[in-house]
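Letter by letter, the chains look like this.
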Amino acid sequence: MIRRLFKRIWSAATAVTLAVLVCGAVLTLAIGAAALLGYPPLRVADLWLHGAAGSWYALSSSCADACPLLLTGLAAGVAFRAGVLNIGAQGQFLMGALVAVALSTRMMICHQPVLVIPIALIGGALAGGMWGLIAQYLERYRSVPVVLSTILLNFVALYLAEAALQGPLQAVGTAAAQSPEIAGKYWLPLFVAYTDFHIGIILALGLAVLLWVLQERTVFGFESQVVGLNPGTAKAMRMPVTWRQFQIMFISGGCAGLGGAIQVLGQVHFMTAHMGNYGYAGIAVALLGRLNPLGIILSAGFFGFLDTGAFRVEESSLALPHDMANVIKAVVILVMLVLAGISLWRSRRVGNPGSSAPTETPSA
Amino acid sequence: MNTTQNLITFLSRQAVTAATPMILAGVGELVGELSGVINIGIEGTMLMGCIAAYTVTGVTGYGTVGLLAAVATGMVMAVIFAAATLWGRADQIVAGTAMDLLGVGLSGMIWMMYQNWRENLGFSTALPHGSGFSPVVIPLLHEIPYLGPAVFEQYMLCYLTICLCVVAWWTLNHTRLGLIIRALGDAPEACHAAGVRVRLGRSLCLLFAGACAGAAGAYLSIMQTHAFASDMTGGEGFVVLALVIFGRWKLPGLVGGCLFFGLINSLQQTLQAARYTSQNSVLHALTHVPFQFFQMLPYVAAIAALAVMSRKSPGPRYINIPWPSIKT
């Protein structure tokens, strides 16, 4: 028992060390590349670090940027683990944001923040979940693969949001597709004054832990993993495959929708249809975090840290393009993948059944 | 020439123009998937093709050089992807999303630095006059009524795409090479036993796919628009992925899907414009519909078509399974 626990801690520790080493190596390379392109390397590194974690405010904006990524990452992670290839977090995120904005700017019945904020958040999550269920319905009853319908539904959601933002939800006095600003009393409260630490961050972290417990410690989590690895086996074991897939899709879409709701209520306070590619980035976050909710927390934090720092460097006199952050993310993911793939190959080839295999990702 | 004929001519020509880059990228993606490798990052490769074609054309003044540069860039992206997935045994879906990020990031970076550089030198960032491509009109044939202009008043790359489709279809279905490509994705063990080098074969397929996606990017930036904007592909790469499944991994299905998508798209654009000028009361009533609902139409139509056809095809069996596979 203790030996097993020790082994688990050891393997987790080596994984984290490896990740830190890879990130460090890639960051060094990136700064070297910046030097080659003619930017002063030390100043870039300095600005980047200070911009992302140099003060409480900087740290809070990194966390606030990581928050929607964490939720869309969880959305992708939960679904992929159960073999539901939900590429539609982007659309579900938008639907969640749209409903949250509608509820918080157009709700006429009550004006109590204590009621409006939870209703808007829950409404956003429900909207995301329902949007996901459309795809699952099409898969189950009309044989349209989820991968396909979620991609197409992302575009439908985009134009639907634009139509609403230029129609019933449009702000007075603009021609752009943009909602009015949400009244200050409906903003998510901050838990550290004068920063971006809003309670949505705590909510997202809590949800990640909850999902971890759900996946690792409940029958539901076990069954959904079996469904993901082999639906045939799951059916033979009399697991409710279809029902599990619908539940997983609803949870996944709900996470993404909640991400959208939190983003508008906590961070940007108004809505346009182009609020960033959080949904697509969430896929990368989930996969870098190995589909484990706790790993997804780390990878979302890493992404948020990189993005925030990169924007500060771009705003400075150096004007290094912030897209550098995306390049770094891509290289980190590729290197980690190759390391994992090769180590899995080696451990299996030597014929070592005891070695811990990394989480399997589903095949298309 | 009556109005109906004009309308059909216009719509079909627009549809083919819009469908060409999707067909081009789709043929590459199809060959890659048939050989057992799915590349989700096709969007990133297309973006790299866009920026490479645009900057190289801007600097040299020759569109052809830009096109070649885009093809080469697409192949470089393919080499990275192949190295990670085939030799590094990385998961293809994850590596694909990373390639997408890489394409978005690198193209955005290059675009910003290119702008700064040109402005410091005192040049405009627009393409030099006459260096972008314009449609090539084929004499006589383009006068065929109805569908003549759709096929014979297109960009140079469109004609190449048509040739490519015919060659690819013939190769895939009627030659030994095509058999090998399909076997790579359906029975790699058999290929191995027959002396075909599986990873090398898949890499070559990926190289072809990268070249196609790069050329499709060039089509968008130096032919169709003569401009570059960050994220200018606007999800077209993902639509291509969807259309490959839509066509059930068959080339005619893919081409049909792309043309259908292009046709609905040009139809909605025409409807949007026509509803304000038309005297027809039905058309005029459409002025109250927000224009976003028209933009939504191709995607809704694609979903509806899939839901109605309702037949599942599993696709190549060894997609996203690294070679040599682990014995359990």
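Residues numbered from 1 in each chain as written. Chains lettered and ligands numbered in written order. Predicted model: local features only at pLDDT ≥ 70, side-chain atom pairs only at ≥ 80, totals over all residues. Heavy atoms only, no water.

Asker: I'd like a description of the overall build of chain B, backed by residues and values.
Answerer: When its secondary structure is counted, chain B shows 13 helices and two strands. What you see for chain B is a C-alpha radius of gyration of 21 Å, in line with the 20 Å of a compact globule of 328 residues. In terms of principal-axis extent, the alpha carbons of chain B reach across some 70 × 55 × 40 Å. The 328 residues of chain B split such that 53% are buried. Looking at chain B alone, contacts between residues at least 24 apart form 76% of all its contacts between residues at least 6 apart. When the accessible surface of chain B is summed, it comes to about 14,200 Å², and 68% of that surface belongs to carbon and sulfur atoms. (Helix = DSSP H or I, 4+ residues; strand = E, 2+ residues; numbered from the N terminus. Rg over C-alpha atoms; globule rule 2.2 N^0.38 Å. Buried < 20%, exposed > 50% of the residue type's maximum accessible area, 1.4 Å probe, protein only. Contact = heavy atoms within 4.5 Å. Areas by Shrake-Rupley, 256 points an atom, 1.4 Å probe, with all protein chains shown as cover.)

Asker: Which residues make up the overall build of chain A, and what values go with them?
Answerer: A tally of regular secondary structure across chain A gives 13 helices and zero strands. Expected size for 364 residues packed as a compact globule is a radius of gyration near 21 Å; at 21 Å, chain A falls within 12% of this value. In terms of overall dimensions, chain A has C-alpha extents of about 70 × 60 × 35 Å along its principal axes. Looking at chain A as a whole, 52% of its 364 residues qualify as buried. Pairs at least 24 residues apart make up 75% of the contacts formed inside chain A by residues separated by at least 6 positions. When the accessible surface of chain A is summed, it comes to about 16,200 Å², and 69% of that surface belongs to carbon and sulfur atoms. In chain A, 20 positive and 13 negative side-chain charges are present, and the distance between their average locations comes to 17 Å. (Lys, Arg positive; Asp, Glu negative; His and termini not counted. Charge placed at Lys NZ, Arg CZ, Asp CG, Glu CD.)

Asker: Give me the lowdown on the packing of helix H7 (residues 199–217) of chain A against helix H10 (residues 241–268) of chain A, citing residues and values where you can.
Answerer: Residues and elements named next belong to chain A. In the contact formed by H7 and H10, the axes pass within 11 Å of each other and the chain directions differ by 170 degrees. The angle between H7 and H10 places the two elements in the roughly antiparallel class. On the side of H7, the interface is formed by Gly-200, Leu-203, Leu-207, Leu-211 and Leu-214, while H10 contributes Ile-251, Cys-255, Leu-258 and Ile-262. For the contact of H7 with H10, the per-class residue count stands at eight nonpolar, one polar and no charged. (Axes fitted to C-alpha atoms, helices over the stretch in contact; angles between N-to-C directions. Parallel < 35°, antiparallel > 145°, perpendicular 65-115°, else oblique. Nonpolar A, V, L, I, M, F, W, Y, C, P; charged D, E, K, R; others polar.)

Asker: Provide a residue-level description of the nonpolar core, including the pertinent values.
Answerer: If you look at the biggest cluster of nonpolar residues, it comprises 184 residues, and the most contacted ones within it are Trp-48, Val-264, Met-271, Phe-303, Val-332 and Ile-333 of chain A. Among the elements that make up this core, the one with the highest residue count is helix H6 (residues 146–166) of chain A (13 residues). When sequence neighbours within four positions are dropped, the list of residues in contact with Phe-303 of chain A reads Leu-69, Ala-281, Ala-284, Val-285, Leu-288, Lys-329 and Ile-333 of chain A together with Leu-101 of chain B. (Core = buried A, V, L, I, M, F, W, Y, C linked by side-chain atoms within 4.5 Å.)

Asker: Can you tell me about the packing of aromatic side chains, naming the residues and giving the values?
Answerer: Scanning all chains against the criterion turns up 16 aromatic pairs over all chains. Plain terms: the ring middles of Tyr-280 of chain A and Phe-238 of chain B are 4.9 Å apart, the flat faces sit at 15 degrees to each other, and that makes the pair stacked. Pair noted here: Tyr-280 of chain A is in helix H11 (residues 278–288) and Phe-238 of chain B is in helix H10 (residues 236–246), and the two residues belong to different chains. Residues Tyr-280 of chain A and Phe-238 of chain B agree in their burial class; the two are buried. (Phe/Tyr/Trp six-rings, centres within 6.5 Å; stacked < 30°, edge-to-face > 60°.)

Asker: Tell me about unusual backbone geometry, and please be specific about residues and values.
Answerer: Residue Pro-324 of chain B follows Trp-323 of chain B across a cis peptide bond; omega there is -5 degrees. Its location among the elements puts Pro-324 of chain B in the segment after helix H13 (291–309). Residues other than glycine seldom take positive phi values, yet Ser-143 of chain A does so here, at roughly 55 degrees. With respect to the helices, strands and loops of the structure, Ser-143 of chain A is situated in the loop between helix H5 (113–142) and H6.

Asker: Give me the lowdown on the side chain of Asp-100 of chain B, citing residues and values where you can.
Answerer: The residue Asp-100 of chain B is located in helix H4 (residues 92–121) in this model. An unpaired buried charge is present at Asp-100 of chain B: no salt bridge exists, and Lys-329 of chain A, the closest side chain of opposite charge, is 11 Å distant. Excluding anything up to four places from it in sequence, Asp-100 of chain B contacts Gly-41, Glu-43, Gly-44 and Phe-238 of chain B. (Salt bridge = Lys/Arg side-chain N within 4 Å of Asp/Glu carboxyl O.)

Asker: Provide a residue-level description of the interface of chain A and chain B, including the pertinent values.
Answerer: A common way to report how large an interface is uses the accessible area buried once the components associate. Taken residue by residue, the interface counts 48 residues in chain A and 51 residues in chain B. Between chain A and chain B, roughly 4,400 Å² of surface is buried when both sides are summed, and carbon and sulfur atoms account for 79% of that area. Summed over the three residues of chain A that lose the most area to chain B, namely Leu-152, Tyr-159 and Trp-345 of chain A, the buried surface amounts to 13% of that side. Taken together, the connections running from chain A to chain B amount to zero salt bridges. There are three residue pairs in polar contact (both at pLDDT 80 or more) connecting chain A and chain B. For the side of chain A that touches chain B, the elements supplying multiple residues, two or more each, are H5, H6, H11, helix H12 (293–315) and helix H13 (324–349) of chain A. Top element by residues in the side of chain A that touches chain B is H13 of chain A. It accounts for 15 residues. Of the residues that constitute the side of chain A that touches chain B, the class distribution is 34 nonpolar, seven polar and seven charged. (Buried area = accessible area lost by both parts, 1.4 Å probe. Polar contact = N/O pair within 3.5 Å; in protein donor to acceptor, adjacent residues only side chain to side chain.)

Asker: Describe the pattern of salt bridges, naming the residues involved and giving the relevant values.
Answerer: Residue and element names in this part refer to chain A. Tallied over the entire structure, the rule returns four salt bridges over all chains. Ionic pairing is found between Glu-223 and Arg-244, a salt bridge with its closest N-O pair at 2.8 Å. Taken together, the residues Glu-223 in helix H8 (residues 219–229) and Arg-244 in helix H10 connect sequence positions 21 residues apart. This pair shows no difference in class: Glu-223 is buried, exactly as Arg-244 is. Between Asp-307 and Lys-329 there is a salt bridge whose closest N-O contact spans 3.1 Å. Taken as a pair, Asp-307 in helix H12 and Lys-329 in helix H13 lie far apart in primary sequence, 22 residues in all. According to the relative accessible area criterion, Asp-307 is buried, its value standing at 17%. The exposure class of Lys-329 is buried, given its relative accessible area of 4%.

Asker: Now, about a nonpolar patch on the surface: what can you tell me, with residues and values included?
Answerer: Residues and elements named next belong to chain A. Together, Ile-122, Leu-126, Met-130 and Phe-250 make up an exposed nonpolar region whose accessible area comes to about 370 Å². With three residues, H5 is the single largest residue contributor to the nonpolar patch. Take Phe-250: its relative accessible area is 30%, and that puts it in the partly exposed class. (Patch = residues over 30% accessible without salt bridge, like charges linked within 9 Å, V, L, I, M, F, W, Y side chains within 5 Å.)

Asker: An account of helix H3 (residues 56–81) of chain A is requested, with residue identities and associated values reported.
Answerer: Residue and element names in this part refer to chain A. The end-to-end C-alpha distance of H3 is 35 Å, a good match for the 38 Å that 26 residues give at a rise of 1.5 Å each. The sharpest bend along H3 measures roughly 25 degrees and falls at Ala-66, with the proline Pro-68 sitting one to four residues further on. By the criterion of burial, H3 is predominantly enclosed, with 22 of the 26 residues buried. Just downstream of H3 lies Gly-83, where phi reads positive at about 75 degrees. (Expected span 1.5 Å × (residues − 1). Bend = angle between axes of the 7 residues up to and from the residue.)

Asker: I'd love a proper account of the state of the cysteines, names of residues and values included.
Answerer: What the rule picks out here adds up to zero disulfides over all chains. Left without a disulfide partner, Cys-67 of chain A is nearest to the cysteine sulfur of Cys-63 of chain A, which lies 9.1 Å away. In this model Cys-163 of chain B remains outside any disulfide bridge; the closest cysteine sulfur is found in Cys-165 of chain B, 9.3 Å from its own. (Disulfide = S-S within 2.5 Å.)

Asker: Go over the environment of Leu-70 of chain A with me, naming the residues and quoting the values.
Answerer: All names here are of chain A. Tracing the sequence through the fold places Leu-70 in helix H3. Residue class for Leu-70 comes out buried when judged on its relative accessible area of 5%. Once the C-alpha coordinates of Leu-70 and Cys-255 are considered, the two residues, 185 residues apart in sequence, prove to be 9.2 Å apart.

Asker: Requested: an account of the environment of Leu-263 of chain B, with residues and values cited.
Answerer: Residues and elements named next belong to chain B. Following the sequence through the fold, Leu-263 ends up in helix H11 (residues 251–277). A C-alpha to C-alpha distance of 9.8 Å links Leu-263 and Thr-17, two positions 246 residues apart in sequence. Residues in contact with Leu-263, not counting those within four places in the same chain, are Leu-11 and Ala-15.

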